[in-house]
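Fold and geometry: a report
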Amino acid sequence: LSIAMVCSFIQWRSMVATFTTCLPSSKRDQLPPQYNIARMDVFIMLFVTAACLIVDVATLLMFVMGLSIFAFTVVAVCLARRKEKKLIENAEGADEEFAAYDQTDAPMMDQGDEEGQSSA
């Protein structure tokens, strides 16, 4: 994208016609008719342009906010699921360890019971 292309897209005559409204009436009367635009018309054009830009920017901001909230929610849900899976895996691992300790402690308890019965 070159500067020449950008400059060719801009409608310079419209901008000059708009800025001629700032000139005094005596100077404006000397200009060609295409540059004699009523001041109120220029004010209305600038007001409508500003209103459209404000609405466009506000719409863009609302879209960006909605997209940000959605992305934050998706990330939060993914992290919560990952954390939940880890907790479940740790709980299952603890149950298996408990079962393994239970199995190794059971014979020792049986021996203790037998010793207690034989000494009585």
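Residues numbered from 1 in each chain as written. Predicted model: local features only at pLDDT ≥ 70, side-chain atom pairs only at ≥ 80, totals over all residues. Heavy atoms only, no water.

A short note on the side chain of T21
Along the chain, the position of T21 falls in the loop between helix 2 (12-19) and helix 3 (25-29). The buried category is assigned to T21, whose relative accessible area is 10%. A distance of 2.6 Å separates a polar atom in the side chain of T21 from the backbone oxygen of T18. Setting aside chain neighbours within four positions, we find T21 in contact with R28, I37, A38, R39 and V42. (Helix = DSSP H or I, 4+ residues; strand = E, 2+ residues; numbered from the N terminus. Buried < 20%, exposed > 50% of the residue type's maximum accessible area, 1.4 Å probe, protein only. Polar contact = N/O pair within 3.5 Å; in protein donor to acceptor, adjacent residues only side chain to side chain. Contact = heavy atoms within 4.5 Å.)

Some remarks on a nonpolar patch on the surface
Taken together, the side chains of L60, F63, V64, L67, F70 and V74 define a hydrophobic patch exposed on the protein surface, amounting to about 590 Å² of accessible area. As for its position among the elements, V64 is in helix 4 (residues 39-119). Overall, the relative accessible area of 41% leaves V64 in the partly exposed class. (Patch = residues over 30% accessible without salt bridge, like charges linked within 9 Å, V, L, I, M, F, W, Y side chains within 5 Å. Areas by Shrake-Rupley, 256 points an atom, 1.4 Å probe, with all protein chains shown as cover. Salt bridge = Lys/Arg side-chain N within 4 Å of Asp/Glu carboxyl O.)

Overview of the confidence of the model for the protein
The pLDDT averaged across the protein works out to 80; a share of 76% of its residues lies at or above 70. Taken element by element, the protein is modelled with least confidence in helix 1 (residues 3-9), mean pLDDT 75, and with most confidence in helix 3, mean pLDDT 86. (pLDDT = per-residue confidence, 0-100.)

Details of the packing of aromatic side chains
Each pair of aromatic rings is reported with the distance of its centres and the angle of its planes. On inspection of all chains with the given rule, the structure shows one aromatic pair. Centroid distance F43 to F47: 6.4 Å. Interplanar angle 25°. Geometry classified as stacked. Here F43 and its partner F47 are both found in helix 4, four residues apart, which amounts to about one turn of the helix. Judged by relative accessible area, which is 54%, F47 ranks as exposed. (Phe/Tyr/Trp six-rings, centres within 6.5 Å; stacked < 30°, edge-to-face > 60°.)

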